[in-house]
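Summary of structural features
So you can see what is in the structure, the chains are spelled out below.
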Amino acid sequence: MHTGINSTLPAQNLHVFHPTRASFMCNNSTLNPVVSSSAAPSSTRQHLSNLEKLLQKTNQTDPEGVVKGCSNGSVETKGKVLLERLNLSRIWPEMSAADDMSPRNLNRLQRLLSKTMEYSPRNNLGSRWREYHGCYDWSGLLDPLDENLRREVVRYGEFVQAAYHCFHSNPAMSADEAPLPRHVSLPERSYKVTKSLYATSSVGLPQWVDDVAPNLGWMTQQSSWMGFVAVCDDKREIQRMGRRDIVIALRGTATCLEWTENFRAQLVEISESHEPTQKVGCGFLSLHKTPGAHVPSLAESVVDEVQRLTEMYKGENLSITITGHSLGAALSLLVADEISSCSPQVPPMAVFSFGGPRVGNKGFADRLNEKNIKVLRIVNNQDLITKVPGVFIDERLKQDPDKLEEEQRNESFARVFNMLENNNPWAYSHVGTELKVDTKMSPYLKPNADVACCHDLEAYLHLVDGFLSMECPFRSNAKRSLAKLIDNQKSNVKQLYTDEALSLNLERRESFSISMVSCLPSPSR
């Protein structure tokens, strides 16, 4: 039988109880005679009454965990208030972890370890939707992280999770016929999928791979399902967001040929660009532009669908939001560039990327800035993927702006710098505004978490949901469930929580293996 978390108390708390005079009994002995409450002196009755009141006050707790001061409190009470105001858990993370496991917080921990999401209301974005969509490059919203922006970032990350889930539920694709329509389990019932997107590699694996491993199946297919286009068609959600939103969600690397393209990192010119200094990674451009045997290229599919939807909803407030993780984050920038190049009238467009690598050089970054494409890069400090590919001369100097200004005064240095930047085939540069999170700031993840955990999308959403500011990186009232994080990254979660997850869910372990439901709830709502 499953025992509720509040059914037991630790030994040190057994003295906390509620005595009543009606049931207060003593054993009859010569040393401990029975004294009725009626015969007891008035001072004894008063003593018992005061003791009862004192114990009742001791057992009362503030449900919100807020310390309330008392003007005439005792020295001990004042000292406790002072220590709590110091918030020592920020200085010693071990104290924070111990506090999370304290009896008064076990209910919250149980909710975090369950698969039942905890919801908070979404605010109406109204006239500020352009600000949250990046019209001012998210100035003033990142540190501390605005609660509305946090919800939006997590929400778009879950669209990418839906793309991952859809692909892995049926990754194989026929090489002889066009693919059938797919069902995508969206995290938002207010959105509907309007188009499936495919990416095709322009390279093939050498023959010896088939000889050594002939049964790789979908891992070696040239075209694969990459993501989807969805549009909001719910009137209440459109009113809340302040516009009708078109979402393009792209998953990360999955097949062998996609990995092969990732390693083709030499910078090449963009065919549509009239500026030879604007360059992007060869492999990324290949996956973006190459058509398959039975599917159009990713670039062609996206442009056709966006043009169709913008024409359909002409006259309405529209936005285009492109989101992706890893390889999908890289392709998101190319998709944004493609849409803005092929459509004369483009709605406000923003990219929310998670764990994205560098895509092009500084010329490409300038190209997106000129087109007013807003990019918010969510970056984990420990994620190595965000630090590749190539060298990044300009970013090195940006770390010391005084040095850059001084060196650029030297005309000869400026010429050398521009030559290296424009001609170096490995001179990559990041694009957009950065929201930086850190694995080490999570009280649940091990500080030495491995590379896979630091790049994991669920870990990213966990860190964003807990991020408050650079001074206080993890908020105590984070709502995102830990269940999926433990399922995906059990070896990287502190044993304190994996053990507790096992004990709390011992009788529900079978339910943990059940596949995802048809609609993924957003834990940040």
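Summarised in this report is the structure supplied together with it. (Residues numbered from 1 in each chain as written. Predicted model: local features only at pLDDT ≥ 70, side-chain atom pairs only at ≥ 80, totals over all residues. Heavy atoms only, no water.)

Mapped onto the secondary structure, Asp 465 falls in helix H18 (residues 457-466). A polar contact of 3.1 Å, which involves the side chain of Asp 465, links it to the backbone nitrogen of Lys 479. (Helix = DSSP H or I, 4+ residues; strand = E, 2+ residues; numbered from the N terminus. Polar contact = N/O pair within 3.5 Å; in protein donor to acceptor, adjacent residues only side chain to side chain.)

Attention shifts here to the packing of helix H10 (residues 282-289) against helix H12 (residues 327-342). Between H10 and H12, the shortest axis-to-axis distance is 10 Å and the interhelical angle comes to 65 degrees. The handedness of the crossing between H10 and H12 is right-handed. Where H10 abuts H12, its residues Phe 284, Leu 285, Leu 287, His 288 and Lys 289 lie against Leu 327, Ala 330, Leu 331, Leu 334, Val 335 and Glu 338. (Axes fitted to C-alpha atoms, helices over the stretch in contact; angles between N-to-C directions. Left-handed = near helix turned anticlockwise from the far one by under 90°. Contact = heavy atoms within 4.5 Å.)

Okay, the packing of aromatic side chains next. Under the counting rule described, the total for this entry stands at 10 aromatic pairs. Where Phe 159 meets Phe 228, the ring centres are 6.5 Å apart and the plane angle is 45 degrees; that geometry is what we call tilted. Note that Phe 159 is positioned in helix H6 (residues 147-169) and Phe 228 in strand S2 (residues 223-232), a separation of 69 residues in sequence. Judged on exposure class, the residue Phe 159 and its partner Phe 228 are both buried. An aromatic cluster of at least three residues, connected via ring pairs, comprises Trp 138, Tyr 156, Phe 159, Tyr 191, Trp 225, Phe 228 and Phe 352. The ring of Tyr 156 has Arg 155 lying over it, and the distance from NZ or CZ to the ring centre is 4.8 Å. Here Arg 251 stacks its cationic end above the ring of Phe 167, 3.9 Å away from the centre of that ring. (Phe/Tyr/Trp six-rings, centres within 6.5 Å; stacked < 30°, edge-to-face > 60°. Buried < 20%, exposed > 50% of the residue type's maximum accessible area, 1.4 Å probe, protein only. Lys NZ or Arg CZ within 6 Å of the ring centre and 35° of its normal.)

What follows covers the packing of helix H11 (residues 298-312) against H12. Following both chains from N to C, one finds H11 and H12 inclined at 55 degrees, their axes separated by 9 Å at the closest point. The orientation of H11 with respect to H12, classified from their angle, is oblique. The handedness of the crossing between H11 and H12 is right-handed. For the pair H11 and H12, contact is made by Leu 298, Ala 299, Val 302, Val 303, Val 306 and Gln 307 and by Leu 331, Val 335, Glu 338, Ile 339 and Cys 342, respectively. Residue composition of the contact of H11 with H12, grouped by class: 9 nonpolar, 1 polar and 1 charged. (Parallel < 35°, antiparallel > 145°, perpendicular 65-115°, else oblique. Nonpolar A, V, L, I, M, F, W, Y, C, P; charged D, E, K, R; others polar.)

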